[in-house]
Amino acid sequence: MRSPTTHRVAGLLLLMCVAVGMDARAADRLYDDLGGADGVAALVDQFLGNLADDARINHFFAETNLERFRSKLIEHLCALAGGPCTYSGDSMHQVHAGLGIGEAAFNAVVEDLIEAMERRDIGTGTQNRLLALLAPMHGDIVERR
Amino acid sequence: MRQMAGRLLGAVLLLLAGAASAEMPRLPHNSRILATGGATMIEGAAGGGIVPWAVLAGYGSSDEVGASGFYTHVDLKDYSLDAFGVAASWHNRVEVSLARQAFDLGTLGRALGLDDHELRQNILGVKLRLSGDLIYGRWPQVAAGMQYKHNLDFGIPDAVGARHDDDVELYISAAKLWLAGLFERNVFGNLTLRWSRANQGGLLGFGGDRGDGRELLVEGAAGIFLTRHIALGGEYRQQPDKLSFSPQSDWFDAFVAVFPNKHLSLVAAYADLGTVATLPGQRGWYLSLQLAF
């Protein structure tokens, strides 16, 4: 009785441990998988289009300088993905402070990014790696109440 | 009884469809990321199939509401189980669920020449998210839950030695999703500790001739998202062993869950419940449909 049970439990635990151990790895080749400079720019353009069309959150961008936003976002994603860029913009905390961004708005932006990646035919693994690099920004962007 | 259950289910689904068409007027909802409401486990809580997870029903985030309804059928070698119910969540903080289970005694019922072939129970669940978020932050999402279960058919449980026809179970769950955690795929894990003396989840009553105290039981789930729409995983649920008439085995399942969109999810699983009420080798298929709003 014990043996098969023990094995199955061990299997489940092993899967969980492996999952914990394999932290989101370095951004090696992510920049290339996103399609390099052209790919990142195209992704950002699609993403900005989605944000503009998203009635849930586009009011947050009403007074945004879109040209600057676009260039800083491209720079930021390029740097995060291990590309030849250095992010020169303000910190995520500075940029979003005082805007009152809640969980719902944050999730809406994540969905717009996922939708943009789908549109650009970016594979599931590449999508996940980029999201893993962006997810830690949640704490700097969402305001706690 | 079957008919009544069917009619009740129909009414519930109609209600949910009505809620969907009305788009929950003025109540913001639906903003959490796809699949983060999980499926609905057989006791009505958001979770997998046999384990309640730390996630809350529906897709409402911190200023929103969520709701879901489910129907599940489990077909074992000698028995079958039908379960259905509804759940609602508020501000991704509190979940309240109601479920009905009907366990068909099948082979055993016929062998014993019973008139009543069914064991039914109602389950009221409450789950409170204590801290954390499934996806964001370093720590897992942690929730504490309660399930109040009430047997509608206590004749057989009473005859085999169960002490109570209703009881309260408490549990605490922690769940985490790791983005690109394994093979660039999103991986999740859930650990649940339950304090219970339920026989076969309560369908055979609570406590027994071998003891009436609640025990701390371990339940776990782990899985991987092949895409954001399809997950594979497995679950384990330890069981107490309080009736001398039959040993009670721990439960296992292996599942594939499909989330085409935020309103629909389907789970197909292979479940192994071991020995159930003296009959060994109770394995079989599990199918679950969930609608969410």
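Residues numbered from 1 in each chain as written. Chains lettered and ligands numbered in written order. Predicted model: local features only at pLDDT ≥ 70, side-chain atom pairs only at ≥ 80, totals over all residues. Heavy atoms only, no water.

Colleague: How should I be thinking about the overall build of chain B in this particular structure?
Modeller: The helix and strand inventory of chain B stands at 3 helices and 14 strands. When burial is assessed residue by residue, chain B has 59% of its 293 residues classed as buried. The long-range fraction of contacts in chain B, counting pairs at least 24 apart against all pairs at least 6 apart in sequence, stands at 60%. Of the accessible surface of chain B, which amounts to about 11,200 Å², a share of 65% is contributed by carbon and sulfur atoms. (Helix = DSSP H or I, 4+ residues; strand = E, 2+ residues; numbered from the N terminus. Buried < 20%, exposed > 50% of the residue type's maximum accessible area, 1.4 Å probe, protein only. Contact = heavy atoms within 4.5 Å. Areas by Shrake-Rupley, 256 points an atom, 1.4 Å probe, with all protein chains shown as cover.)

Colleague: Would you mind going over helix α7 (residues 124-134) of chain A with me for this structure?
Modeller: Within α7 of chain A, 9 of the 11 residues are buried, which leaves it mostly tucked inside the rest of the structure. Considered for burial, the residues of α7 of chain A that qualify are Gly125, Thr126, Gln127, Asn128, Arg129, Leu130, Leu131, Ala132 and Leu134 of chain A.

Colleague: Can you walk me through the side chain of serine 173 of chain B in this structure?
Modeller: All names here are of chain B. Positionally, serine 173 belongs in strand β8 (residues 166-182). Serine 173 gets classed as buried once you look at its relative accessible area, which sits at 1%. In terms of polar contacts, serine 173 uses its side chain to reach the backbone carbonyl oxygen of proline 52, at 3.3 Å. Side chain to side chain, serine 173 and threonine 192 meet in a polar contact 2.7 Å long. Apart from the residues lying within four places of it in its own chain, the contact partners of serine 173 are Pro52, Trp53, Ala54, Gln141, Val142, Ala143, Asn190, Leu191 and Thr192. (Polar contact = N/O pair within 3.5 Å; in protein donor to acceptor, adjacent residues only side chain to side chain.)

Colleague: Even after reading the chapter, I still don't get the state of the cysteines, so can you show me in this structure?
Modeller: When the sulfur atoms of two cysteines share a covalent bond, that bond is a disulfide. Residues and elements named next belong to chain A. For the structure on display, the rule yields 1 disulfide over all chains. The residue that forms a disulfide with cysteine 78 is cysteine 85, at a sulfur-sulfur distance of 1.8 Å. Because the torsion about its S-S bond is 80°, the bridge between cysteine 78 and cysteine 85 counts as right-handed. Among the residues examined, cysteine 85 registers a relative accessible area of 30% and is labelled partly exposed. (Disulfide = S-S within 2.5 Å.)

Colleague: What exactly am I supposed to notice about the confidence of the model for chain B here?
Modeller: Any region with low pLDDT has predicted coordinates that should not be read closely. When pLDDT is averaged along chain B, the result is 92; 90% of the residues meet or exceed 70. Confidence drops under pLDDT 50 across residues 21-26 of chain B; counting only partners more than four residues distant or on other chains, this segment forms 6 contacts. (pLDDT = per-residue confidence, 0-100.)

Colleague: I would appreciate a short explanation of the pairing of strand β9 (residues 185-196) of chain B in the present structure.
Modeller: Note on strand geometry: in a regular strand, side chains alternate between the two faces of the sheet. Residues and elements named next belong to chain B. Bridge analysis of β8 against β9 gives 10 bridges, and the strand direction is antiparallel. When the bridges of β9 are listed, leucine 182 appears paired with arginine 185. Once β8 ends, the chain turns through 2 residues before running back antiparallel as β9, passing phenylalanine 183 with a positive phi of about 50°. Sheet topology places β9 next to strand β10 (residues 215-225); 11 bridges connect them, and they run antiparallel. Considered in β10, the bridge of serine 196 is made with glutamate 215. (Pairing = 2+ DSSP bridges.)

Colleague: Would you take a moment to explain the packing of helix α3 (residues 36-53) of chain A against helix α6 (residues 103-119) of chain A for this structure?
Modeller: Helix-helix packing is described using two parameters, namely the angle between the two axes and the distance between the axes. All names here are of chain A. It is the contact of α3 with α6, at a shortest axis distance of 8 Å, that shows an interaxial angle of 135°. Comparing their axes, α6 and α3 come out oblique. Note that α3 runs across α6; the crossing there is right-handed. On α6, the residues touching Leu43, Gln46, Phe47, Asn50 and Leu51 of α3 are Val109, Asp112, Leu113, Glu115, Ala116, Met117 and Arg119. (Axes fitted to C-alpha atoms, helices over the stretch in contact; angles between N-to-C directions. Parallel < 35°, antiparallel > 145°, perpendicular 65-115°, else oblique. Left-handed = near helix turned anticlockwise from the far one by under 90°.)

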